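Structure at a glance
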2 protein chains.
Amino acid sequence: MIKPRSRRGGGRPTIADVARKAGVGAITVSRALREPGRVSEDLRRQIESAVNELGYVPDPNARALASARAEVFGVLVPSLTNNVFAEVVRGIYDSLSDGPFRIQLGNTHYSGLEEERLLQVFGPQRPAALIVAGIDQTPASRKLLETAGCPVVQVMETGPDPVDMMVGFSHFEGGKAAAEHLIEAGYRRIGFIGARMDPRSQRRLAGYRAAMEAAGLFDARLTTTTPVPSSVTLGRELFRDALAKVPSLDGVFCNNDDIALGVLFECHRASIAVPKTIGIVGFNDLDMMEVAFPSVTSVRTYRYEIGRRAVAMALAAIEGNRPESRVVDLGFELKRRESTAR
Amino acid sequence: MIKPRSRRGGGRPTIADVARKAGVGAITVSRALREPGRVSEDLRRQIESAVNELGYVPDPNARALASARAEVFGVLVPSLTNNVFAEVVRGIYDSLSDGPFRIQLGNTHYSGLEEERLLQVFGPQRPAALIVAGIDQTPASRKLLETAGCPVVQVMETGPDPVDMMVGFSHFEGGKAAAEHLIEAGYRRIGFIGARMDPRSQRRLAGYRAAMEAAGLFDARLTTTTPVPSSVTLGRELFRDALAKVPSLDGVFCNNDDIALGVLFECHRASIAVPKTIGIVGFNDLDMMEVAFPSVTSVRTYRYEIGRRAVAMALAAIEGNRPESRVVDLGFELKRRESTAR
DNA sequence: GCAATAACTGGTAGCGCTACCATGACGTAG
DNA sequence: CTACGTCATGGTAGCGCTACCAGTTATTGC
């Protein structure tokens, strides 16, 4: 009698089937797949052809269970639709697509508690590495990261105290550079407009404030913010509010490009001359800022590259060679364009 | 002697630990967690407190292995940064976040081969459901989907021949409605501008063509497309090309809103009056289209809702009650705005 | 009051894979 | 020619969990 197909497994070939077909032990098949160098040329070829013939694909669940290590990268981002994080995620996917690693993506919705919950869920999966956005984890989350037993990369920001590794840039410096540029260009009543105001936005605001204070131009009424999620529509609303509050406004540093675009459109609609009457600076430098009319000055950030670098660092750490410097600052670049060319 | 901590497991509590602490059998703990109704009130409480005390979280890998069924939704989309798919994915995540299901996201990069590869990788994981974008799978992919042994939902489009279930809308009708609107508004030399030209774009183009032919206005030179990925910048370039080719152009239906935005900005830059000289229609109706100046007519699509509905249908199918109609058309809505208000 | 049924609970045997150790066949050095 | 390493291979014993079946105790019907 032939093996009566276990009631459970849906009939997929297992490592035992491959081993039988190739006339070797199961463990040798396992090795041939994971460490080809440790199996003789001969057997390797035999095994390879058996694998192809049967269409064998290893079961990642069984693998993870047996080796107490899943080939999974856990990735936590605060938003899936925010273009900025989407690009980071894309960088991560692109860097991981040709290796054995899968990606477990979690959406924290900008909530520390949700981040904690997700970390708790990721833990038992024994991920090979964790990539998390930001540096403002709750103490509980931080502990979970520290005891995760795998490389951890915090992305999008830099800070003095990495859990393990970091790739990003200084939002404070970015905000400062934006404000300084407006000041240099001759603007004086420069507003800050920001939505969502997550920790990264707060630091951009702090950078703006530092620059404004240094120039003796700071005025609390120039700042217009809201915790509401950012959008182009909201950019328009906030700009209207700001203008109502301070009619003498002659420049705005927008917390991100969506806001900046809303401001730009409102200027068109209200026939406010840009850059003559109002100067506009955005943040992140989305593709469209260069194409806009007038083109919009923005702080270019390297989101995709951050994703790629995070993976590279994690991969290196898995291999046992952690980079000598645990914090990588990819910087930013202020792109000067028409919207501030006075 | 105390249990000498297995060399492998990293010291996390297992179901056996919980069972011991609660003074019950392991299988009862398993049941209490999965089907609380089948365990007596008493034991359930005991088990619950043991779980909390130990901080026990079940190992999803072991679960998947033992039950031959992972609590994973496989999701395949062609792009991670395209706002449209990002919204679908967000709908999926939001609908799944409070259940036990994880999400395995795959990026096909608009490639049928890559889709096949990813499906092959997903298979051995035995996902609880699969959600894939589009209806143009390769024969091999289709077979993989049919034999996946789990509910399958094709999203973003509707068609006559679902693998299992479908949620989306007709891109052909969307394109047709857009073109008809321009014709009605009095435009005559209406161009089609499209990038990437994936199957969905092709169908929008076909809809445009049908409307134009019906009105006796079709002219092949009015169509400007490229396989290059879409962007606002590209919208500008293509519009310039289109105008060079057909100087009498008086309207454009853009394959998506990014392109439309590029066109709008170029009109500003070249001082072409919108909607007077040129009418513009976009596709998808991103948030910013309403805020733009002039606001841009666009075909509103319900991406987020598609994601949610796909999950709802898959979940229902898992429970055993497939919806009576396997294809759900969520439709679209043409949002008439200033850019075509002649 | 007794069999029949339902409602709980637990033991056993894997799921498919890999860590660990054992084995045997070769060199290679002394 | 023995002792000892090195290399290639395989056997065994789990990883943590759940399907399946077998008990055990209430509960019900007649």
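How each quantity is defined
- Residues numbered from 1 in each chain as written.
- Chains lettered and ligands numbered in written order.
- Predicted model: local features only at pLDDT ≥ 70, side-chain atom pairs only at ≥ 80, totals over all residues.
- Heavy atoms only, no water.
- Axes fitted to C-alpha atoms, helices over the stretch in contact; angles between N-to-C directions.
- Helix = DSSP H or I, 4+ residues; strand = E, 2+ residues; numbered from the N terminus.
- Parallel < 35°, antiparallel > 145°, perpendicular 65-115°, else oblique.
- Contact = heavy atoms within 4.5 Å.
- Nonpolar A, V, L, I, M, F, W, Y, C, P; charged D, E, K, R; others polar.
- Pairing = 2+ DSSP bridges.
- Near = heavy atom within 4 Å.
- Polar contact = N/O pair within 3.5 Å; in protein donor to acceptor, adjacent residues only side chain to side chain.
- Core = buried A, V, L, I, M, F, W, Y, C linked by side-chain atoms within 4.5 Å.
- Buried < 20%, exposed > 50% of the residue type's maximum accessible area, 1.4 Å probe, protein only.
- Least-squares fit on C-alpha atoms with pLDDT ≥ 70 in both.
- Phe/Tyr/Trp six-rings, centres within 6.5 Å; stacked < 30°, edge-to-face > 60°.
- Buried area = accessible area lost by both parts, 1.4 Å probe.
- Salt bridge = Lys/Arg side-chain N within 4 Å of Asp/Glu carboxyl O.
- Domains from an automatic or database assignment.
- Left-handed = near helix turned anticlockwise from the far one by under 90°.

Here's the deal with the packing of helix α1 (residues 15-22) of chain A against helix α2 (residues 26-34) of chain A
All names here are of chain A. Their axes nearest at 8 Å, the elements α1 and α2 cross at an angle of 100°. The angle between α1 and α2 places the two elements in the roughly perpendicular class. Here Ile-15, Val-18 and Ala-19 of α1 lie close against α2, whose contacting residues are Ala-26, Val-29 and Ser-30. The class makeup of the residues in the contact of α1 with α2 is 5 nonpolar, 1 polar and no charged.

Focus: the sheet that holds strand β10 (residues 297-301) of chain B
Residues and elements named next belong to chain B. Read across the open sheet, the 6 strands follow the order β7-β6-β8-β9-β10-β12; overall the sheet is mixed. With one partner strand each, in any of the chains shown, β7 (223-226) and β12 (332-335) form the two edges of the open sheet. Strand-to-strand twist across the sheet, computed as the mean angle between neighbouring axes with direction ignored, equals 15°. Note that β10 and β12 share 4 bridges and pair antiparallel.

Some words on the protein's contact with DNA strand C
Every one of the 28 residues lining DNA strand C counts as a neighbour, but A:Ile15, A:Ser30, A:Tyr56, B:Thr28 and B:Ser40 are closest to it. Taken together, the sugar and phosphate atoms account for 69% of what DNA strand C places within 4 Å of the protein. Contact between DNA strand C and B:Gly25: a phosphate oxygen at 3.0 Å from a main-chain N or O atom of the residue. Measuring from a phosphate oxygen of DNA strand C, one finds a side-chain N or O atom of B:Thr28 at 2.6 Å. A breakdown of the residues in the surface near DNA strand C according to their chemical character gives 13 nonpolar, 8 polar and 7 charged.

Concerning the nonpolar core
One finds A:Ile280 and B:Ile280 to be the most contacted residues of the largest nonpolar core, which totals 158 residues. Beyond its immediate chain neighbours, meaning those up to four positions away, B:Ile280 contacts B:Val252, B:Cys254, B:Ala260, B:Val263, B:Leu264, B:Cys267, B:Val274, B:Val296, B:Thr297, B:Ser339 and B:Thr340.

Let's talk about the relation of the copies chain A and chain B
Between the two chain copies there is a screw-like relation: a rotation about an axis and a shift along it. Once chain A has been moved 0.0 Å along the axis and rotated by 180°, it coincides with chain B to within an RMSD of 0.1 Å. One copy is carried onto the other by what is essentially a two-fold rotation axis. Considering only C-alpha atoms, the part of chain A nearest the rotation axis is A:Asn61, at 2.4 Å. Comparing contact sets, 100% of the residues at the interface of chain A also lie at the interface in chain B, consistent with an isologous, same-surface contact.

A few points about the packing of aromatic side chains
Enumeration over the complete set of coordinates arrives at 11 aromatic pairs over all chains. Ring geometry for A:Phe169 and A:Phe283: centres 6.3 Å apart, planes at 25°, overall stacked. Remark: A:Phe283 occurs in strand β9 (residues 279-284) and A:Phe169 occurs in strand β5 (residues 165-169); sequence separation between them is 114 residues. One exposure class covers both A:Phe169 and A:Phe283, and it is buried. Summarising the aromatic geometry, the rings of B:Phe192 and B:Phe253 are spaced 5.5 Å apart at their centres and angled 75° between planes, so their arrangement reads as edge-to-face.

Some points on the interface of chain A and chain B
In this assembly, 55 residues from chain A lie in contact with 55 residues from chain B. Carbon and sulfur atoms make up 56% of the surface buried where chain A meets chain B, a total of about 4,900 Å² over both sides. One can count 2 salt bridges joining chain A with chain B. For the salt bridge of A:Glu338 with B:Arg269, the shortest nitrogen-to-oxygen distance reads 3.2 Å. Counting every contact that joins chain A to chain B gives 19 residue pairs in polar contact (both at pLDDT 80 or more). Those elements that provide at least two residues to the side of chain A that touches chain B are α4 (60-67), α5 (83-96), β2 (102-107), α6 (112-122), α10 (232-245), α11 (257-269) and α12 (288-291) of chain A.

Observations regarding the pattern of salt bridges
The final tally for this structure, using the stated rule, is 63 salt bridges over all chains. The partner of B:Glu333 in a salt bridge is B:Lys335, and the shortest N-O contact between them spans 3.5 Å. Residue B:Glu333 is classed as partly exposed on the basis of its relative accessible area of 36%. The exposure class of B:Lys335 is partly exposed, given its relative accessible area of 25%. Three or more residues are tied together by salt bridges with common partners; here these are A:Asp136, A:Glu157, A:Asp198, A:Arg200 and A:Arg203.

Observations regarding the sheet that holds strand β7 (residues 223-226) of chain A
Residue and element names in this part refer to chain A. Taking strand neighbours across the sheet as the criterion, the 6 strands line up as β7-β6-β8-β9-β10-β12 in an open arrangement whose pairing is mixed. In this open sheet, the two edge strands, each paired with only one partner strand, are β7 and β12 (332-335). Mean inter-strand twist for the sheet, computed between neighbouring axes without regard to direction, equals 15°. Of the strands in this sheet, β6 (190-195), β7, β8 (251-254) and β9 touch helix α9 (residues 199-214), which is tilted by about 175° from β6.

Notes on unusual backbone geometry
Residue and element names in this part refer to chain A. Note the cis peptide between Val-274 and Pro-275, where omega equals 5°. Note on placement: Pro-275 falls in the loop between α11 and β9. In this model, His-109 sits at a positive phi of 50°, which is unusual for a non-glycine residue. Mapping His-109 onto the fold places it in the loop between β2 and α6. Its relative accessible area of 41% is what places His-109 among the partly exposed residues. Backbone geometry at Asp-285 places phi at a positive 55°, although glycine is not the residue there. Relative to the helices and strands, Asp-285 resides in the loop between β9 and α12.

Looking at the domain arrangement of chain A
Domains assigned within chain A are domain 1 (15-58), domain 2 (69-169 + 303-332) and domain 3 (171-299 + 334-340). The straight-line distance from the C-alpha centre of domain 1 of chain A to that of domain 2 of chain A is 34 Å.

Overview of the packing of α5(A) against helix α13 (residues 303-318) of chain A
All names here are of chain A. At a minimum axis distance of 7 Å, the contact between α5 and α13 shows a crossing angle of 40°. Put simply, α5 runs oblique to α13. For the pair α5 and α13, the crossing hand works out as right-handed. Contacts from Asn-83, Val-84, Glu-87, Val-88, Arg-90, Gly-91, Ile-92, Asp-94, Ser-95 and Leu-96 in α5 reach Arg-303, Tyr-304, Gly-307, Arg-308, Val-311 and Leu-315 in α13. Its residues assigned to classes, the contact of α5 with α13 comprises 7 nonpolar, 4 polar and 5 charged.

Concerning the side chain of B:Ser339
Residue and element names in this part refer to chain B. Relative to the elements of secondary structure, Ser-339 occurs in the segment after β12. Under the relative-accessibility criterion, Ser-339 is labelled buried at 0%. Among the polar contacts listed, one links the side chain of Ser-339 to the backbone oxygen of Ile-280, at a separation of 2.6 Å. Those residues in contact with Ser-339, other than ones at most four positions away along the chain, are Tyr-187, Val-274, Pro-275, Ile-278, Gly-279, Ile-280, Pro-294, Ser-295, Val-296 and Thr-297.

With respect to the protein's contact with DNA strand D
The full set close to DNA strand D counts 28 residues, and A:Thr28, B:Ile15, B:Ser30, B:Tyr56 and B:Arg63 are the nearest of them. Protein-proximal atoms of DNA strand D, defined as those within 4 Å of the protein, fall in sugar or phosphate at a share of 69%. Elements supplying a minimum of two residues to the surface near DNA strand D: α2 and α4 of chain A together with α2 (26-34) and α4 (60-67) of chain B. If one sorts the elements of the surface near DNA strand D by residue count, α4(B) sits on top with 5 residues. Residue composition of the surface near DNA strand D, grouped by class: 13 nonpolar, 8 polar and 7 charged.

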